[in-house]
Every structure is written in C-alpha cells, then in structure tokens.
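# Notes for the structure review
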Amino acid sequence: MAGMRGKQTVRGMFQSMAVILVAAGVIYLFVPHDENADPIKPVDYGVELVTAQRAAPYPVLSPKGLPTDWRPTSVSYERRSGDAWHLGYLTPEREYVAVEQSTSAPVKYIDEVTHGARDTGAAREVAGRGWQRYEGPKYDALVLREKGVTTVVTGTADEKRLAEMATALRPGEAPTPSPAASSPAAKAPGA
C-alpha cells in the first residue's frame, strides 16, 4: 500500500510540472515582448522638482537645455535626510550622471554620494563658478559648496560630461516632458 502511494505522489508531481510548463509556454507565446526595446525608460520628474523647490531651504537645481539624448532615470527628494535632492541621468554613452544637493554636513555627504571619491585639490570653472574636482574608484565628481547647501555632480561619466551637466543646472526650472517621458509606460520607476 505504501509503495503504491509513493508512486502516485511522484506521478502527480510530474503531471503538475507538465501543466505548469505548458501554461508558462502559452503565456510566453501570447504576451507581446520586444527583445530590441530599450529597458531604460525616462522618468518625468516635474512633480518631484516642484515639490522639492517648495520644500527645500535652498535653490533646487535641475538641468535646462541638455540634448534630448540625455535621459532622466531617477529622482527623489528626502526632507528628513538633510533636504536631499537627487536627479539621475544617463548620458548618450549610457554613463550615469547625478545631481545631488543637501544641507547635510558636506564632508560626510560628499563621501556618501560619490561613493568615496576624494578631493584632487584641483578646481574647474564651470558656468562662472569654481567647482572642486573629486576622483574615486567608482564615481568622479564636481563639487560646489555654498552657504547652507552642497551641490555634487557625480557619476561614471567623464569630467567633460559632468561639466556639461553642471553647466546646464538652473534653479527653479521645471523640465519640458519629452514624448517618451510622458507616455504611461515611461512613468514607471527608472534605474
């Protein structure tokens, strides 16, 4: 009797697996998918920008006039974490560039958002302002310390692209949504 139950259990398991595999195959065949589609969807950060501009005790910066092949991928504002503003982009070369601003203690904040980049001692003038150059194992950065706020342009992109982002930064300007960013599918969280 016990041997018979064991055979029935194994046979039932194989039958269940066969049904699951057939269902998975049918779903795969009938659900549309495009292997050539870009998995990175631009985000529309207009609402978050307006919210941050109203809440932050400093002028919140966002880029104005970047070429359309720069794509916004992430955005956040955390009032409880030093009024931290974050806006992430992908460059045309698919390198990452982020704008980070906060009222937190500068040394700790810079170390956190640059993943340990260190001050090179060199400065670079960008749009009439002196930015400190930082280099690190993961991210490089341009850092601007002003009264009450630290602004960091950081990422995997080269210094030229970091400077391009820093040059484009303006206070109080909401983005113009691109057609891709305003589609319902593009409003999902980005990278």
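Residues numbered from 1 in each chain as written. Predicted model: local features only at pLDDT ≥ 70, side-chain atom pairs only at ≥ 80, totals over all residues. Heavy atoms only, no water.

## Some points on the sheet that holds strand S7 (residues 140-146)
For the record, the criterion: Strands were regarded as paired on the criterion that DSSP finds at least two bridges between them. Starting at the N terminus, helices and strands are each numbered in turn, a helix being any DSSP run of H or I of at least four residues and a strand any DSSP run of E of at least two. Angles run from 0 to 180 degrees between N-to-C directions of axes, and those axes are lines fitted to C-alpha atoms, restricted for helices to the stretch in contact. The contact definition used throughout considers only heavy atoms, calling two residues in contact when any of these lie within 4.5 Å.
Across the sheet, which stays open at both edges, the seven strands sit in the order S2-S3-S4-S8-S7-S6-S5 with antiparallel pairing between neighbours. At either margin of the open sheet sits one strand with a lone partner, and together these are strand S2 (71-78) and strand S5 (118-126). Strand-to-strand, the axes of this sheet are offset by a mean angle of 20°, without reference to chain direction. Where strand S3 (residues 84-90) and strand S4 (residues 96-102) come together, six bridges link them in antiparallel fashion. Following the sheet pairing, His-86 is matched in S4 by Glu-100. Here helix H3 (residues 106-113) sits on the sheet in contact with S3, S4, S5, strand S6 (129-135), S7 and strand S8 (149-155), set at roughly 20° to S8.

## Details of the nonpolar core
Let me state the cut-off plainly: Think of a nonpolar core as a cluster: buried Ala, Val, Leu, Ile, Met, Phe, Trp, Tyr and Cys residues, connected wherever their side-chain atoms sit within 4.5 Å. Any residue under 20% of the maximum accessible area for its type is buried, any over 50% is exposed, and the rest in between are partly exposed; the area is computed with a 1.4 Å probe on protein chains only.
Counting residues in hydrophobic clusters, the biggest one holds 28 residues, and the most contacted among them are Trp-85, Trp-131, Val-153 and Met-165. Put simply, the parts of the chain that give this core at least two residues each are helix H2 (46-55), S3, S4, S7, S8 and helix H4 (159-168). With five residues, H4 is the largest single contributor of residues to this core. Ignoring anything within four residues of it in the chain, the contact list for Met-165 reads Pro-63, Leu-66, Trp-70, Tyr-89, Val-97, Val-99 and Val-153. Membership of the second largest hydrophobic core comes to eight residues, among which are Ile-110, Val-113, Ala-117 and Val-143.

## Structural notes on H3
Condition: Arc, as used here, means the arc of the directions from the helix axis to the C-beta atoms.
Of all the positions in H3, only Tyr-109, Ile-110 and Val-113 are classed as buried. Each buried residue of H3 sits inside an arc of 95° when the element is viewed along its axis, so together they form one side. Relative to its buried face, H3 has exposed residues pointing more than 90 degrees away, namely Val-107, Lys-108 and Glu-112. Where H3 is buried, its residues contact S3, S4, S6, S7 and S8. Trailing H3 by a residue or two, His-115 shows a phi angle of about 55°, which is positive.

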